[in-house]
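Here is how the chains run, residue by residue.
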Amino acid sequence: CLGWLKRGQEALECAQEVVVLRRGLAKKNPDAFRPDLAMALNNLGNVQSASNDLEDARASFQEALGIYRELARPQPEVYRRELAVTLNNLGNVQCELNALEAGRASFSEALAMCRELAQQRPEVHRPDVAMALNSLGTVQHDLRELESARASFEEALAIRRELARERPEVYRPYVAMTLNTLGAVQCDLNALEAARASIEQGLTICRELARQRPEVYRPYVAMTLNTLG
């Protein structure tokens, strides 16, 4: 909550205190409290990332990842999703630190896990597949792997369109965002007509969203207009 209220230093201190407390508990009873420590480290990493403490965030996510890997070996059905989420968080920080190859590796591993989870429970995990595809597509774009990026964004878009048919109020913003990023890749591939079509579709969605919540979505309209231009 403190993080949402923009009280960054207080949020950081609280997250650090939780890690200290849970680390102490995990030393005494690791079977009971190591999952709580991993969760606390993941939360701390998110606060550090939001505060632009990127090296600290990377260290927190890497420690959480190590714990989740150990927990997932005997109980994959319980911890693989947390492992995938932590890999995605780590990948985001690695990319911000310009460690793009490491980021791609993290996103690729997260995507593989999300695909396996979605085979078992698609109604729960298909949004995770789309998120991982979108993250992977972004780093592929940054690495100038344009055909791979286009394929990742196109698959993410197809999933998000299906999700938006069932829950438009939740997933239409994600459809618009993916259309915009796909359009940018198509533009770099010199597929200019396709790029214009993608970005115009995204713009239409953003305009509709902005009519309902202008304070949230007008910046997205502006960003999409800029991409279209």
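Now for a look at the structure at hand. Given the structure is predicted, the values throughout are model-derived calculations rather than measurements. Each chain has its residues counted from 1, running along the sequence as written. Per-residue local features are limited, in this predicted model, to residues with pLDDT of at least 70; the limit for side-chain atom pairs, both in listing and counting, is 80 or more; totals at the level of whole chains, interfaces and linings are taken over all residues. Excluded from the side-chain calculations are hydrogens and water; all other atoms, namely the structure's heavy atoms, are used.

**Observations regarding the packing of helix α5 (residues 100-120) against helix α6 (residues 122-142)**
In contact at an axis separation of 8 Å, α5 and α6 are set at 160° when each is read in the N-to-C sense. When the axes of α5 and α6 are compared, the pair comes out roughly antiparallel. Relative to α6, α5 is oriented so that their crossing is left-handed. Here α5 contributes L100, R104, F107, S108, L111, C114, R115, L117, A118, Q119 and Q120 to the contact with α6, which in turn contributes P122, H125, R126, D128, V129, A132, L133, S135, L136, V139 and D142. The residue makeup of the contact of α5 with α6, split by class, is 12 nonpolar, 5 polar and 5 charged. Working convention: axes come from line fits to C-alpha atoms, limited for helices to the stretch in contact. Angles between N-to-C directions cover 0 to 180 degrees. Here a strand is any run of E in DSSP of at least two residues, a helix any run of H or I of at least four, and the numbering for each starts at the N terminus. Note on terminology: angles under 35 degrees are roughly parallel, angles over 145 are roughly antiparallel, angles of 65 to 115 are roughly perpendicular, and the others are oblique. Left-handed describes a crossing whose near helix is turned anticlockwise from the far helix by less than a right angle; the clockwise case is right-handed. Two residues form a contact once any of their heavy atoms are found within 4.5 Å. Residues are grouped as follows: Ala, Val, Leu, Ile, Met, Phe, Trp, Tyr, Cys and Pro are nonpolar; Asp, Glu, Lys and Arg are charged; all remaining types, including Gly, are polar.

**Some points on the nonpolar core**
For this analysis, a nonpolar core means a set of buried residues of the types Ala, Val, Leu, Ile, Met, Phe, Trp, Tyr and Cys, connected via side-chain atoms within 4.5 Å. In this scheme, a residue with accessible area under 20% of its type's maximum is buried, one over 50% is exposed, and one in between is partly exposed, where area comes from a 1.4 Å probe on protein chains only. Ranked by internal contacts, the top residues of the largest apolar core, which has 60 residues, are L83 and V129. Of all the elements, helix α3 (residues 54-72) adds the most residues to this core, at 9 residues.

**Quick word on the packing of helix α7 (residues 146-166) against helix α8 (residues 168-188)**
Taken N-terminus to C-terminus, the directions of α7 and α8 make an angle of 160°; their axes are 8 Å apart at the nearest point. Classified by the interaxial angle, the pair formed by α7 and α8 is roughly antiparallel. In terms of crossing hand, the pair formed by α7 and α8 is left-handed. Its residues assigned to classes, the contact of α7 with α8 comprises 15 nonpolar, 3 polar and 8 charged.

**What to know about helix α9 (residues 192-212)**
Every helix has an expected span of 1.5 Å times one less than the residues it contains. For α9, with 21 residues, the first-to-last C-alpha span of 31 Å sits near the 30 Å given by 1.5 Å per residue. Turning to α9, its buried residues number three or more, namely A195, S198, I199, G202, L203, I205, C206, L209 and A210. In the core, the buried residues of α9 are packed alongside α8 and α10 (214-228).

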